[in-house]
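Observations on the model geometry
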Amino acid sequence: MFPLFSKGRKALFCVALVAMGYCIFEPFILLMIVRHTSWLSSIPSRTAVLRAGQVGRLAEGIIIEALQSQDMVVQIIACRLLRNRKTKAAVNQLGYLITSPNRVVRKEATAALEAITGHKYSQLDFTGKNRKAAEELIKEILSRDPDIRKYARKRMAKIGLPAVSVLVASLENLRPEEAPSSTAWLLEALAGFGYGYPPSLIVPYIERQDADIRLGAEKALKAQGDVVVPHLLPYLDTRRFWAFKSAVNVLAEVRPNIAARHLADKLVNKTTASDTRRANFYRALGRLKSPEGLYALTVGAEFESEPRLRLAAVEALGKISHPKVVPALMRAVRDEDKDVRQAAIEGLYKHGSPEAHKVLTDQYLSKDLNRNDLQKIDNLLRGAGLSSDGEKQ
């Protein structure tokens, strides 16, 4: 009789056990290493994160970000992971990669896109008649006639990703001294797709002085969705007002809660000393209309020393539909500054809830306010179809 475990079998069993443990726990170990080190900019750690991404959704954002890596291996691994996970948030960046000059990267990105979207991208022609047709349409995209541009954008949409590739190349090759309108029209054409171009290409255009260029960049970024958020958050701290405003406009439609939380933290912790910037932050919270900014706005409306800052906070509160807004505006009606009081009254009226109208009615009946404020309330209530005693007319 042979023993159950001979020395050779014991060795093989141990090797198999170690190998199995390594396969099971390796992603978790790599993820913990990456999360507790600052190696994210190096290629080995990127690869580790991609492999650790198999654990769950925790590393999904890093996997999508790794698609922009200059290392071909990292891009291929990222494409395969995203293909297996069917991550729809990666469609934009994968669409850009299928125009890559590297054949292997193109193949992996195409396979990932087909798995995620269910569309056949392998049949697209990036070098033949489709690209040539898109290049001919560029002349019409840059036409001064808006009807011609509109028709050209429709024809571009039928061509698909090869047209995106041509638009991106045209935008990159455009000389700064050329007409700003050309840049704006190319950005507007890209916005019609919403995929196939990297956010890093579009974001710098929100710093331009030309309003049409900034508007085109905003449209192109809004069309891309969540993938633009990490690119825009740094612009919430910039001192360039137009770039700040454009970033807020995009984030208001993409991820308002994230942007509002960022600005509210700055205001509450008083990391922004300039009154002008604080006023801009309050106005931005009103534009975002997120409950995440309510606390900062409530504190600002009551405790800011400068009337213009309290005014900015109260005006922002008036744009947010939330039950907690009513008590804050009710306190602001008693503010010592006339403009703040008027803004609070208008904010309560715009809120439109029965509670807000009751506050206005009570304030009118109390007669504690000055004549101008009482007249303002009376006019607003009558405009809402209410008499000054709160009854329907």
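Residues numbered from 1 in each chain as written. Predicted model: local features only at pLDDT ≥ 70, side-chain atom pairs only at ≥ 80, totals over all residues. Heavy atoms only, no water.

Some details on the packing of helix H15 (residues 256-268) against helix H16 (residues 275-288)
Where H15 contacts H16, the axes come no closer than 10 Å and their chain directions differ by 155 degrees. On the basis of the axis angle, H15 is roughly antiparallel to H16. Both H15 and H16 take part in a crossing whose hand is left-handed. Residues Pro256, Ala259, Ala260, Leu263, Ala264, Lys266 and Leu267 of H15 touch H16, and the partners they reach there are Arg278, Phe281, Tyr282, Ala284, Leu285 and Leu288. Of the residues assigned to the contact of H15 with H16, the class counts are 11 nonpolar, no polar and two charged. (Axes fitted to C-alpha atoms, helices over the stretch in contact; angles between N-to-C directions. Helix = DSSP H or I, 4+ residues; strand = E, 2+ residues; numbered from the N terminus. Parallel < 35°, antiparallel > 145°, perpendicular 65-115°, else oblique. Left-handed = near helix turned anticlockwise from the far one by under 90°. Contact = heavy atoms within 4.5 Å. Nonpolar A, V, L, I, M, F, W, Y, C, P; charged D, E, K, R; others polar.)

Here we look at a nonpolar patch on the surface
The grouping of Met72, Val73 and Val104 at the surface amounts to a nonpolar patch, some 210 Å² of accessible area in total. With respect to the helices, strands and loops of the structure, Val73 is situated in helix H4 (residues 72-85). Overall, the relative accessible area of 46% leaves Val73 in the partly exposed class. (Patch = residues over 30% accessible without salt bridge, like charges linked within 9 Å, V, L, I, M, F, W, Y side chains within 5 Å. Areas by Shrake-Rupley, 256 points an atom, 1.4 Å probe, with all protein chains shown as cover. Salt bridge = Lys/Arg side-chain N within 4 Å of Asp/Glu carboxyl O. Buried < 20%, exposed > 50% of the residue type's maximum accessible area, 1.4 Å probe, protein only.)

Brief notes about the nonpolar core
Membership of the largest hydrophobic core comes to 98 residues, with the highest contact counts inside it found for Leu94, Met156, Ile202 and Leu232. Each residue touching Leu94, except ones within four places of it in the same chain, is listed here: Leu67, Cys79, Ala109, Ala112, Leu113 and Ile116. (Core = buried A, V, L, I, M, F, W, Y, C linked by side-chain atoms within 4.5 Å.)

Points about a positive patch on the surface
Side chains of Arg283, Arg287, Lys289, Arg308, Lys319 and Lys350 sit close together on the surface and give a patch of like positive charge. Tracing the sequence through the fold places Lys319 in the loop between helix H18 (307-317) and helix H19 (325-332). (Lys, Arg positive; Asp, Glu negative; His and termini not counted. Charge placed at Lys NZ, Arg CZ, Asp CG, Glu CD.)

Regarding the packing of aromatic side chains
Throughout the structure, instances matching the rule amount to two aromatic pairs. Consider the rings of Phe241 and Trp242, whose centres lie 5.3 Å apart with planes at 65 degrees: the pair is edge-to-face. Classification of Phe241 as partly exposed rests on a relative accessible area of 36%. Residue classification places Trp242 among the partly exposed residues on the basis of a relative accessible area of 43%. Ring centres of Phe244 and Phe281 lie 5.6 Å apart, and the angle between their planes is 20 degrees; on these two criteria the pair is classed as stacked. On the criterion of sequence distance, the pair formed by Phe244 in helix H14 (residues 241-254) and Phe281 in helix H16 is long-range, its members being 37 residues apart. The class of Phe281 is buried, set by a relative accessible area of 2%. (Phe/Tyr/Trp six-rings, centres within 6.5 Å; stacked < 30°, edge-to-face > 60°.)

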